[in-house]
Amino acid sequence: MGVRAGGAAGAVFFLTDYGQADELAGVVRAVLARLAPGAPVVDLTHEVPPFDVRAGALALERAAPHLGPGVVLGVVDPGVGSPRRAVAVGLAGGERPRALVGPDNGLLGPAADALGGATGAVVLPRAAGEDQVTFDGRDVFAPAAAALWRGEALDALGEPLDPADLVRLAPPVLEVGEASLRAEVLWVDRFGNVQLAATAADGRAVGAVPGCRVEVEVATGGPEEGASRRVPARMVRAFADLAGAQTAAPELGLLVDANGRLALVCDRSPAATVLGVRSGDVVVVDVAAPPGGRGAGG
Amino acid sequence: MGVRAGGAAGAVFFLTDYGQADELAGVVRAVLARLAPGAPVVDLTHEVPPFDVRAGALALERAAPHLGPGVVLGVVDPGVGSPRRAVAVGLAGGERPRALVGPDNGLLGPAADALGGATGAVVLPRAAGEDQVTFDGRDVFAPAAAALWRGEALDALGEPLDPADLVRLAPPVLEVGEASLRAEVLWVDRFGNVQLAATAADGRAVGAVPGCRVEVEVATGGPEEGASRRVPARMVRAFADLAGAQTAAPELGLLVDANGRLALVCDRSPAATVLGVRSGDVVVVDVAAPPGGRGAGG
Amino acid sequence: MGVRAGGAAGAVFFLTDYGQADELAGVVRAVLARLAPGAPVVDLTHEVPPFDVRAGALALERAAPHLGPGVVLGVVDPGVGSPRRAVAVGLAGGERPRALVGPDNGLLGPAADALGGATGAVVLPRAAGEDQVTFDGRDVFAPAAAALWRGEALDALGEPLDPADLVRLAPPVLEVGEASLRAEVLWVDRFGNVQLAATAADGRAVGAVPGCRVEVEVATGGPEEGASRRVPARMVRAFADLAGAQTAAPELGLLVDANGRLALVCDRSPAATVLGVRSGDVVVVDVAAPPGGRGAGG
């Protein structure tokens, strides 16, 4: 049977847009308990906005470096029942997950990259005679993840697929200039922190180091085409370095966040509200003055 | 002690209306971890609307066919502290749960039926000298579920009760006619899909097959008594077969959902909003024309 | 290595204000699965209001008496990245948790008291060369909790700290008079029940016993300074003893709740809405008449 102890085989890491009001994620957990008894199920989140493949892909990518051995089960699947492929993607494994399972719609790609890249892939078949086509998380993906967790080989699960043929999401907007960068908002978290597509390295490339002053330009979304406003900010290392905690006028900060990306933040206030931005918006960060220096805006 | 390894005894499947904002479900999980160490706890959902026994019973019923060995712990308990009975209900077991534990208010009945019917039942006593009567999930139901998971016999837990005397919920509205059916909305899920009390077999009985055209009649809820409107729809196999995904005018579809029930759906839009219906409402589905045919509405 | 089986070492009890929309709590669970394979993770709640240390401390305190062996991991950490200390607090252990891990901001104190008091404490260091300072739940606290769960000694984790030097929260408002008490609202739960700082013993001290009539005085929050209104109530043993369930005018009750505290409740209606109160408000409860007696309000 190839069933291994939970500790040996690792965990099943589980992410969906099923929400928690319904029993959908719970039923998939029950299927995993039945088909992979002993498998620890680590819920990453089930509150990906409905159908938002990009948000799910980014959450999996952020989680990826922290996952130990096991199998990733990701389901954000607006195309369920359409001809979109169901896939399992093999990884190098070792101290990290050995496979990702989910729809072939771009959801799994960034996490696969973060985990060293796909070493193989297969197309998961629908069970013969199966006419349920609306809940593949339960009927197709969970059984495949359970089989992989039990130790079944990737290529025993379906027809091989060249990983290069997996659907990829378009990369986020990111332009790194001389002392300025233009970047898409990837994520607004529960605390209102605004994660940008730019990394710490991108920040260093434009001269953004802790202590420097920056200006953030955001579209105002008013009737005037292209109208924008500029908000001064300061690069810091931690939320607590910022002034105005929980006041009406919190100081805006730029920092390298826990995923190694630049983020616009306040101390205990939602920067997303201060700036009026959300995921998918594009902001410009201009480095105005180095620490102690007399930069353009100094 | 009769303690078994988790894999052997199966899981504890756990559903409540406790929500997740408070630690209520967490405390019950802690009690299970203490009294049934090693028991995998599979959370089905804790977001049943407060006190909504019917919604909880339906969620348990939908989950039931997918549960492996173990014990079901269900708590939606508006009558906690009243003379309502606390019960454990025995099942045939085998590859499926061997017992359900919860209040005797109808919550457990549909799931018991879906799992082959009750083979026995007992009334759970309150611990001697116990004067806490407001959190039976923690104090009465979880200890009973833990004991059953550890292998204790059902009849060791309390006085026997004839399963025929368990409280039953009234069945939902369902009338199946010639080419028309009238059915209660059982559930609106996170995605706005509208599950009806009618099954796939009910659909076939009125001639609803993929490709046919139907009309859906819903009460408009306006000032006029009995006012209603009719919305055309098409029976399909999958969400992706429908037009108007994420537009202002999505096509309405009828399909057999993942629980084998008829559901009114759109592709990536909430059919419940399109129709203006919620759980407990009653809709009429008229089969207007068979696939390729020239029916009444053709 | 000192790794023990899950049942032997107990569980990791996990509470945060991370919410469930993001993968933050999930990533910490993944870290625990990697560093403490086999550890059952018991989620208490992750919906503590953002940055609300007091609410988190109270939830941990309420849960404490129900926790078996293991380690408590609590993270509500508005000062992450500031000089606030990261700590692990030792407990007597035995049938109860042997340690609490989290920020030194008052979060852990009430639970430590409820579990018999701290027997020791250490300051958790940041890993050498670590420049991530925004996600200590993942980077500092979870690794420490995992080490403790695996059996590492508390004093191996950091420099010792006198438990008397741990940060403490101010106690809640509570004044117990002759036939009256004034108490802070500690918690409004999902069902709208209003838990007070007063205990069952405080209630007995003012003559509040089941059957007696009381009056509850709440600030009205209007323009007039100190304006208040009085709402009659009755002390009962259970929600079901109250009249007006799910009506517009539900009867207000006072009872000893599942945590041994006095709570203002209605039967299946939110008492918090009836009274217009929330956590942190202060109410006065006057005992108006004993059961069957002719008291002040009789």
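Per-chain numbering applies: the sequence of each chain, read as written, is numbered from 1 onward. Whichever chain is written first becomes A and whichever ligand is written first becomes 1, with later ones labelled in order. Given that the model is predicted, a residue must reach a pLDDT of at least 70 before its local features are reported, and side-chain atom pairs must reach 80 or more before they are shown or counted; all residues, however, enter totals for whole chains, interfaces and linings. Hydrogens and water are ignored here; the side-chain numbers use all heavy atoms of the structure.

As for the overall build of chain A
Secondary structure assignment for chain A yields seven helices and 15 strands. With the C-alpha coordinates of chain A rotated into their principal frame, the extents come out at 70 × 40 × 35 Å. Exposure categories follow from relative accessible area, calculated using a 1.4 Å probe and restricted to protein chains: below 20% of the type maximum is buried, above 50% is exposed, and the middle band is partly exposed. Across the 298 residues that make up chain A, the buried fraction comes to 55%. By definition in these notes, contact holds between two residues if any of their heavy atoms fall within 4.5 Å. Look at the contacts in chain A between residues 6 or more apart in sequence, and 67% of them connect residues 24 or more apart. Summing over all exposed atoms, chain A offers an accessible surface of approximately 11,500 Å²; the carbon and sulfur share of this is 52%. For the purpose of charge, His is not counted, nor are the chain termini; Lys and Arg are scored as positive and Asp and Glu as negative. Here the site of a charge means NZ on Lys, CZ on Arg, CG on Asp, or CD on Glu. Within chain A, one finds 25 positive and 35 negative side-chain charges whose respective centroids are separated by 5 Å. Under the DSSP-based scheme used, a helix requires at least four consecutive residues in state H or I and a strand at least two consecutive residues in state E, with every element numbered from the N terminus. Accessible surface area values rest on a Shrake-Rupley calculation with a 1.4 Å probe, where residue burial reflects the displayed protein chains alone.

Focus: the relation of the copies chain C and chain A
Both copies of the chain are related through a single rotation about an axis accompanied by a shift along the same axis. In superposing the copies, a least-squares fit is computed on C-alpha atoms, taking residues whose pLDDT is at least 70 in both. Once turned by 120 degrees and shifted 0.0 Å along the axis, chain C lies on chain A with an RMSD of 0.0 Å. Given the turn and translation reported, the copies of this chain are related as if by a three-fold rotation axis. Within chain C, the C-alpha atom positioned nearest to the axis of rotation is that of Pro40 of chain C, 4.8 Å from it. Here only 6% of the contact residues of chain C are again contact residues in chain A; the copies associate through non-equivalent surfaces.

Structural notes on the relation of the copies chain C and chain B
Between chain C and chain B, the superposition needs a rotation of 120 degrees and an axial shift of 0.0 Å, giving an RMSD of 0.0 Å. A different interface surface on each copy is seen, since only 6% of the contact residues of chain C are contact residues in chain B too.

Quick look at the interface of chain C and chain B
Across the boundary between the two partners, chain C contributes 32 residues, which contact 31 residues of chain B. For the pairing of chain C and chain B, the buried interface totals around 2,500 Å² over both sides, and the portion due to carbon and sulfur atoms is 58%. Once two parts are brought into contact, the accessible area they lose, counted with a 1.4 Å probe and summed over both, makes up the buried area. Looking only at chain C, the three residues that lose the most surface to chain B are His66, Arg190 and Phe191 of chain C, adding up to 27% of its buried area. We define a salt bridge as a side-chain nitrogen of Lys or Arg found within 4 Å of a carboxyl oxygen belonging to Asp or Glu. Joining chain C to chain B, the criterion identifies two salt bridges. Salt-bridge contacts for Glu23 of chain B lead to Arg62 of chain C; the nearest nitrogen and oxygen are separated by 2.7 Å. Pairs of N or O atoms are called polar contacts if they sit within 3.5 Å, as long as, within protein, a hydrogen donor faces a hydrogen acceptor (for residues adjacent in sequence, only side-chain-to-side-chain pairs). Connecting chain C to chain B are 13 residue pairs in polar contact (both at pLDDT 80 or more).

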